[in-house]
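As a plain string of letters, each chain reads:
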Amino acid sequence: MPPHGHLKQSLSFPARVAPGSGGTLSRAAPSHRAHHIQLPCRGGGTAAGSRRPHAPKPVPDLAPGLSKRTPPAVSMANRGPSYGLSREVQQKIDRQYDPELEQVLVRWILAQCGGDVTQPAPGRDGFQQWLKDGTVLCRLINSLHPRGQGPVAKIQASAMAFKQMEQISQFLQAAERYGIAATDIFQTVDLWEGKNMACVQRTLMNLGSLAVAKGDGLFVGDPNWFPKKSQENRRVFSEDKLKEGQSVIGLQMGTNRGASQAGMTGYGMPRQIL
């Protein structure tokens, strides 16, 4: 008996009756469609008459003609245009931008910061690019403090997004400590992405009004550029004055002064028509 490694196995074809042979069985010859199947043997060999399968070719990492390239960096502001309700909301916000207020703010910032700041390009986009990196805003808030006591210690122009947004955040924190209400301060993305430049204008306008109202001599420019900010008018009353107010009936409860019956007729009398 041959070893198991050289054992030959073959497939048998079913018998069929040949036409005109009087019922004699004949073995069907294999056709060209017959396939030889590889059967494993115990010794690790393969059955005779079978074909050894070809090893799969390795798939290249890239198609021919293409070079391996680094994918492009994704910017934080790579957003597509808005549609539908979002577009209507954005258009409504953009209509709140005031070009006249922009000119006033530019004149004040140039006068307040001196020669350290250059003239921006006119328009909303130019105003946004002028303030986007945060250096102009940091110089502005430092100029409203005595020399050497500015809240922003290091001001550095940078093209990196996180550095620009960090300097904008430093300005916003310093503006809130200066006295600007939290509800009047814009968000960092409002300026950096240019989504709400009208809110940026309102924050700078409130900052200028507050600088004029403080009257510490650090404001540079025309005080009439900004609306006058209301100031506290506190009054102190003595104890005797407060006690007098407790016995006075307020006009909110009504009054009987000036009431009389002059010109009134008695009941049952006809009305006199003159």
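Right above here is the structure, for reference.
Described below are features of the structure shown in this document. What you see as residue numbers is a count from 1 along each chain, following the sequence as written. Confidence filtering applies because this is a predicted model: local features only for residues at pLDDT of at least 70, side-chain atom pairs given and counted only at 80 or more, and all residues used for totals across whole chains, interfaces and linings. To get the side-chain values, all heavy atoms of the structure are used, and hydrogens and water are removed first.

## A few points about the overall build of the protein
Helix and strand counts for the protein stand at 8 helices and 2 strands. Using a 1.4 Å probe on the protein chains alone, a residue whose accessible area is under 20% of its type maximum counts as buried, one over 50% counts as exposed, and one in between counts as partly exposed. Per-residue burial for the protein yields a buried fraction of 26% across its 274 residues. Here the accessible surface of atoms and residues is derived via Shrake-Rupley with a 1.4 Å probe, and residues count as covered only by protein chains that are part of the display. Here the protein has roughly 21,400 Å² of accessible surface; of this, 53% comes from carbon and sulfur atoms. Helix and strand labels come from DSSP, where a helix needs a run of H or I of at least four residues and a strand needs a run of E of at least two; each type is numbered from the N terminus.

## Considerations on the pattern of salt bridges
Salt bridge, as applied in this entry: a Lys or Arg side-chain nitrogen positioned within 4 Å of an Asp or Glu carboxyl oxygen. Taken as a whole and judged by the stated rule, the model has 2 salt bridges. Between D94 and R124 there is a salt bridge, and its shortest N-O distance comes to 3.9 Å. Here R124 lies in helix α3 (residues 124-131) and D94 lies in helix α1 (residues 84-95), a separation of 30 residues in the sequence. Taking relative accessible area as the criterion, D94 reaches 28% and is therefore assigned partly exposed.

## What about the packing of aromatic side chains?
Pairs were defined over the aromatic rings of Phe, Tyr and Trp, the Trp ring being its six-membered one, requiring ring centres within 6.5 Å. Orientation was assigned from the angle between planes: stacked under 30 degrees, edge-to-face over 60, tilted for the rest. Scanning the model with the defined rule gives 6 aromatic pairs in all. Between the aromatic rings of Y97 and F127, the centroid separation amounts to 6.5 Å while the plane-to-plane angle is 55°, which identifies the pairing as tilted. Here Y97, found in the loop between α1 and α2 (99-113), pairs with F127, found in helix α3; they are 30 residues apart in sequence, far enough to count as distant. For Y97, a relative accessible area of 10% translates into the label buried. A connected cluster of aromatic rings, assembled from ring pairs, spans Y97, F127 and W130. Cation over ring: K132 sits above W192, and NZ or CZ is 4.6 Å from the ring centre. Both a distance and an angle decide whether a charge sits over a ring: NZ of Lys or CZ of Arg must be within 6 Å of the ring centre and within 35 degrees of the ring normal. Positioned above the aromatic ring of Y178, the side-chain terminus of K214 is 3.6 Å from the ring centre.

## Comments concerning helix α7 (residues 197-214)
Helix span is expected to be 1.5 Å times the residue number reduced by one. In this model, α7 (18 residues) spans 26 Å end to end at C-alpha, consistent with the 26 Å of a helix rising 1.5 Å per residue. The element α7 is extensively covered by neighbouring structure, given that 13 of its 18 residues are classed as buried. Just past α7, the residue G215 takes up positive phi, approximately 60°.

Distances and angles like these do not, on their own, reveal function.
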